[in-house]
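# Examining the three-dimensional arrangement
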Amino acid sequence: MTRGLVRYVSGRLATAVLLLAALSLVVYVGVDLLPGDPVTARLGANSTPDQVATARERLGLGEPLARRYLEWAGGLLHGNLGMSATGTPVADMLAGRLRNTAVLAGLTILLLVPLSLVLGIALGRRAGGRTDRTGSTLLLLTTAVPEFVVAAMLALLVGAQLGWLPATSLVPSGDSPLAHPDVLVLPVLSLLWVSLAYATRVVRAQALVASRAPHVEAMRLNGFPERVVLRHGVLPAVLPSAAQIWLITSAGLLGGTVLVESVFGYPGIGTVLVSSVSTGDLPVVQALAMLMGGLTLLATIAADLVGAAVGRTGSV
């Protein structure tokens, strides 16, 4: 079993390397083919030919596409994300914004894990009852509402009209978002909205199967308290699938943060991505697309590995 699992993990890691290489090619070429000239967009229509030529030379846009890609990919391997059209290293431009987005996503995950576990097990234990039917219907309806719609509604109702919390999540330059917790509440709730509903439905389904398993029924027949049945019978069976869905959901949060941050004006990678696309700052767009795609790919593979490890362990 151990050798088989090691071979499987090695194969998946090798596949991840190949997929990341393919992703880098798709990202670079795809962004490079976007319509418009990033230099002209950055300098403006009144720029002189000499200014345009100097800027293109500084960005290396006069080189063939294949050479530019190889230089960019080689830089990625050494942690060099390239230079922004403004002349600032992309890594320096994104460092603070990445920390802010990590705070937003991290708080969402910290709430997602216990809430989805508690709600999913509670509904799964009462399958078919009024609570389960009502909760499952609400969860299904929740998954149909995108994060940006929830964000816009919260900003309008809770922020602008009621004034309970800030409608915009502006953070003073240099400050940590954690120093201003009030600006984090609405963005976190917006991200948690769909992800919690999705994760809870998966946990509920697993809890339902686990509650009807023979060894769990035997524990109840033998008079074990329900808290013991949950702790030693239901929970161990639910956690592996829950861990998988948490990993997959965490990867999906990256896409949600782009929309939510834009709605609230939160200083994360989402606002940088939107502004970089509008100004044609291709190096920044390429770096962010690669980062988001790479993290999503790695999280998906990690979830796959968790499932494989549990399956092979359970088959012994």
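Nothing here was measured: the structure is a model prediction, and the numbers come from that model.

### Some words on the overall build of the protein
Across its full length, the protein holds twelve helices and zero strands. Its helices and strands taken in sequence order, the protein reads α-α-α-α-α-α-α-α-α-α-α-α from the N to the C terminus. Burial statistics for the protein: of 316 residues in total, 37% are counted as buried. Of the contacts formed within the protein by residues at least 6 apart in sequence, a portion of 74% connects residues at least 24 apart. Approximately 16600 Å² of the protein is accessible, and the part contributed by carbon and sulfur atoms is 67%.

### What about the pattern of salt bridges?
If you walk through the whole model with that rule in mind, you get three salt bridges. Across the salt bridge formed by Arg204 and Asp132, the nearest N and O atoms sit 2.6 Å from each other. Here Arg204, found in helix 8 (residues 185-211), pairs with Asp132, found in helix 6 (residues 130-143); they are 72 residues apart in sequence, far enough to count as distant. Classification of Arg204 by relative accessible area gives buried; the value is 19%. On the basis of relative accessible area, Asp132 is assigned to the buried category, the value being 3%. Residue Arg220 is joined to Glu226 by a salt bridge in which the shortest nitrogen-to-oxygen separation is 3.0 Å.

### Some points on the nonpolar core
The nonpolar side chains of a soluble globular protein tend to be buried with one another. Ranked by size, the top nonpolar core spans 20 residues in total, and within it Trp72, Leu94, Leu273, Val284, Leu288 and Met292 carry the most contacts. Taken together, the elements giving at least two residues each to this core come down to helix 1 (2-32), helix 4 (65-77), helix 5 (90-125), helix 10 (226-264), helix 11 (269-279) and helix 12 (282-314). Here the element with the most residues in this core is helix 12; it accounts for seven residues. Among all residues touching Leu273, those that are not within four sequence positions of it are Val258, Val285, Leu288 and Met292. Among the nonpolar cores identified, the runner-up in size contains 19 residues, and Leu196, Ala207, Ala213 and Trp246 belong to it.

### Quick notes on the confidence of the model for the protein
Mean pLDDT for the protein: 81, with 88% of residues reaching 70 or above. Within the model, pLDDT remains below 50 along residues 312-316, and this stretch shows five contacts once partners closer than five positions in the same chain are excluded.

### Let's talk about the packing of aromatic side chains
Tallying each qualifying case throughout the model produces three aromatic pairs. Note on Tyr69 and Trp72: the rings are 6.4 Å apart at their centroids and 45° apart in plane angle, and the pair reads as tilted. One end of the pair is Tyr69 and the other is Trp72, both in helix 4 and three residues apart, which spans about a single turn. Exposure remark for Tyr69: the relative accessible area of 15% places this residue in the buried category. With relative accessibility at 8%, the residue Trp72 sits in the buried group.

### Notes on a nonpolar patch on the surface
The grouping of Leu111, Leu115 and Leu119 at the surface amounts to a nonpolar patch, some 220 Å² of accessible area in total. Secondary-structure assignment places Leu115 in helix 5. For Leu115, a relative accessible area of 35% translates into the label partly exposed.

### Overview of the packing of helix 10 against helix 11
Close contact between helix 10 and helix 11 brings their axes to 7 Å; oriented N to C, the two are set at 85°. In terms of axis orientation, helix 10 runs roughly perpendicular to helix 11. On helix 11, the residues that touch Val258, Glu261 and Ser262 of helix 10 are Ile269, Gly270, Thr271, Leu273 and Val274.

### Some remarks on the environment of Leu247
Assignment of secondary structure puts Leu247 in helix 10. Classification of Leu247 as partly exposed rests on a relative accessible area of 28%. As a C-alpha pair, Leu247 and Ile109 span 138 residues in sequence and 9.5 Å in three-dimensional space. Setting aside anything within four residues of it in sequence, one finds Leu247 in contact with Ala299, Ala302, Ala303 and Val306.

### Here we look at helix 6
In an α-helix, one turn spans 3.6 residues; hence positions three or four apart end up facing the same way. For helix 6, spanning 14 residues, the distance from its first C-alpha to its last is 20 Å, which sits close to the expected 20 Å at 1.5 Å a residue. Along helix 6, the positions that sit buried rather than exposed are Asp132, Gly135, Leu139 and Thr142. Within helix 6, the buried residues cover an arc of 95° as seen down the axis, which keeps them to one side. Turned more than 90 degrees from where helix 6 packs its buried face, Arg130 and Leu141 sit exposed. At its buried positions, helix 6 is contacted by helix 5 and helix 8.

Conventions and cut-offs
Residues numbered from 1 in each chain as written. Predicted model: local features only at pLDDT ≥ 70, side-chain atom pairs only at ≥ 80, totals over all residues. Heavy atoms only, no water. Helix = DSSP H or I, 4+ residues; strand = E, 2+ residues; numbered from the N terminus. Buried < 20%, exposed > 50% of the residue type's maximum accessible area, 1.4 Å probe, protein only. Contact = heavy atoms within 4.5 Å. Areas by Shrake-Rupley, 256 points an atom, 1.4 Å probe, with all protein chains shown as cover. Salt bridge = Lys/Arg side-chain N within 4 Å of Asp/Glu carboxyl O. Core = buried A, V, L, I, M, F, W, Y, C linked by side-chain atoms within 4.5 Å. pLDDT = per-residue confidence, 0-100. Phe/Tyr/Trp six-rings, centres within 6.5 Å; stacked < 30°, edge-to-face > 60°. Patch = residues over 30% accessible without salt bridge, like charges linked within 9 Å, V, L, I, M, F, W, Y side chains within 5 Å. Axes fitted to C-alpha atoms, helices over the stretch in contact; angles between N-to-C directions. Parallel < 35°, antiparallel > 145°, perpendicular 65-115°, else oblique. Expected span 1.5 Å × (residues − 1). Arc of directions from axis to C-beta.

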